[in-house]
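Below, each chain spelled out in residue letters.
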Amino acid sequence: MKVSLDLLRSFLAVHRAGSVTGAAELLGVAQPTVTAQLRALEEAVGRPLFDRLPRGVTPTAAGDELARRVAEPLDRLAAVLTDEPGAAYARTVFLGGPAELLAERVLPALGGLVAEGLELRVTAGLPERLLDDLVAGRLDLAVTSVRPRRRGVVVEPLYDEEFVLVAAPAWADRLPGPVTPAALRDVPLVAYGEEAPILRRYWRTVFDIRLTRTPSLVVADLRAVRAAVVAGAGASVLPAYLCRGELASGAVRALLAPAVPPLNTLFLAARPGVAGRREVQAVRRALLAAAPGW
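Each chain carries its own residue numbering, running from 1 in the written order of its sequence. Per-residue local features are limited, in this predicted model, to residues with pLDDT of at least 70; the limit for side-chain atom pairs, both in listing and counting, is 80 or more; totals at the level of whole chains, interfaces and linings are taken over all residues. Side-chain measures were taken over the full set of non-hydrogen atoms in the model, leaving aside hydrogen atoms and water.

## Quick look at a nonpolar patch on the surface
Patch construction takes residues with relative accessible area above 30% that form no salt bridge. Like charges are linked within 9 Å, and nonpolar side chains (Val, Leu, Ile, Met, Phe, Trp, Tyr) are linked within 5 Å. In these tables, accessible area is a Shrake-Rupley quantity obtained with a 1.4 Å probe, and a residue counts as shielded only by the protein chains included in the view. What makes a salt bridge here is a side-chain nitrogen of Lys or Arg within 4 Å of a carboxyl oxygen of Asp or Glu, nothing more. Taken together, the side chains of Leu-26, Leu-27 and Val-29 define a hydrophobic patch exposed on the protein surface, amounting to about 210 Å² of accessible area. You can see Leu-27 is positioned in helix α2 (residues 20-27). Helix and strand definitions follow DSSP, with helices as H or I runs of at least four residues and strands as E runs of at least two, each counted in order from the N terminus.

Okay, here's the thing in structure tokens:
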């Protein structure tokens, strides 16, 4: 089967834009051209790659699989064809993500690129706002704890964060026997947000019960939660990457070691119009390379 690069480029643009019209705008060609190329590719592979909707398209399983296989090679080829060896990064990259992850892991992973000349502007925020900014063109890339379901956003898994129930040694030493919700009854809880989403998820997945207690301390920054736990305010659930140093030093202790700890997948999302740019690809590759060590 012979398939030209033009057909694959048009297919990937449709997959990323969520519509033939959007793909034509990205590619700078007429809409009928994209439609014809997409039809030719579907005939070549022998199966539909998109389901047509009243407004736009949605990829079939075959379309998602093809996009997964061709996106990286096509983006690399585009970078090779447009780059000048040794040239500085041409444009600023606008990146968003959770404040804690940005400070603790993302920015250290990108320090080398900045030293090489990359200009970076970083915004911290919650998932929905970050995705709004991404779709509106205010961000090029976003790290989000919620899988984006919006059309036209390029998404890939970045990192599985593991959660740990921790407390300062003074509290850990007071706990009698196995750590259960009953044993934790007299230990104050420190929560991220009034709804305590991380604590509630941990109680549900590890203890198999619903958390009914009201946290004693609520603060909308996981680094502040960590600081409060280290200071002896009580127990909390933190991402392992955020308390690894404190666990190693003994400043906090893990109260449980469940066979299957709760996990949450973080995603790297990009807007399709910039996904193939050299500087955006450099940030993407740096984060994907660094994430396994977080």
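## Some thoughts on the packing of aromatic side chains
For Phe, Tyr and Trp, rings pair up if their centres lie within 6.5 Å, where Trp contributes its six-membered ring, and each pair is then called stacked (planes under 30 degrees apart), edge-to-face (over 60) or tilted (otherwise). Counting across every chain of the model gives 6 aromatic pairs. Both rings, one in Tyr-159 and one in Trp-294, keep their centres 5.5 Å apart while their planes meet at 70°; by these two values the pair is edge-to-face. Of this pair, Tyr-159 sits in strand β6 (residues 154-167) while Trp-294 sits in the segment after α11 (278-290), placing them 135 residues apart in sequence. Aromatic side chains Trp-203 and Phe-207 sit 5.0 Å apart centroid to centroid with 80° between the ring planes, which places their arrangement in the edge-to-face category. Linking Trp-203 with Phe-207, this pair stays in helix α8 (residues 197-207), spanning 4 residues, or about one helical turn. Within the aromatic cluster, the residues linked to one another by ring pairs are Tyr-159, Tyr-241 and Trp-294. Directly above the ring of Trp-171 sits Arg-174, whose terminal nitrogen or CZ lies 4.2 Å from the centroid. Placement of a charge over a ring requires the Lys NZ or Arg CZ to be within 6 Å of the ring centre, with the centre-to-atom vector within 35 degrees of the ring normal.

## A closer look at the pairing of strand β11 (residues 263-270)
Exposure categories follow from relative accessible area, calculated using a 1.4 Å probe and restricted to protein chains: below 20% of the type maximum is buried, above 50% is exposed, and the middle band is partly exposed. With 6 of 8 residues buried, β11 is to be regarded as a mostly interior element. Any two strands with at least two DSSP-identified bridges between them are counted as paired. Note: strand β5 (residues 141-144) against β11, 4 bridges, orientation antiparallel. Pairing of Val-143 across the sheet is with Leu-268, part of β11. Here 8 bridges tie β6 to β11, and the two strands are oriented antiparallel to one another. Among the inter-strand pairings, Tyr-159 is bridged to a residue of β11, identified as Leu-266.

## Overview of the nonpolar core
Core analysis: the biggest nonpolar cluster contains 60 residues, and Leu-110, Leu-165, Leu-184, Trp-203 and Leu-255 have the highest contact counts within it. In terms of residue count, β6 provides more of this core than any other element does, 7 residues in total. Counting 20 residues, the second-largest nonpolar core is a separate cluster that includes Phe-11, Leu-38, Leu-66 and Leu-74. Grouping buried Ala, Val, Leu, Ile, Met, Phe, Trp, Tyr and Cys residues that are joined through side-chain atoms within 4.5 Å yields what is termed a nonpolar core.

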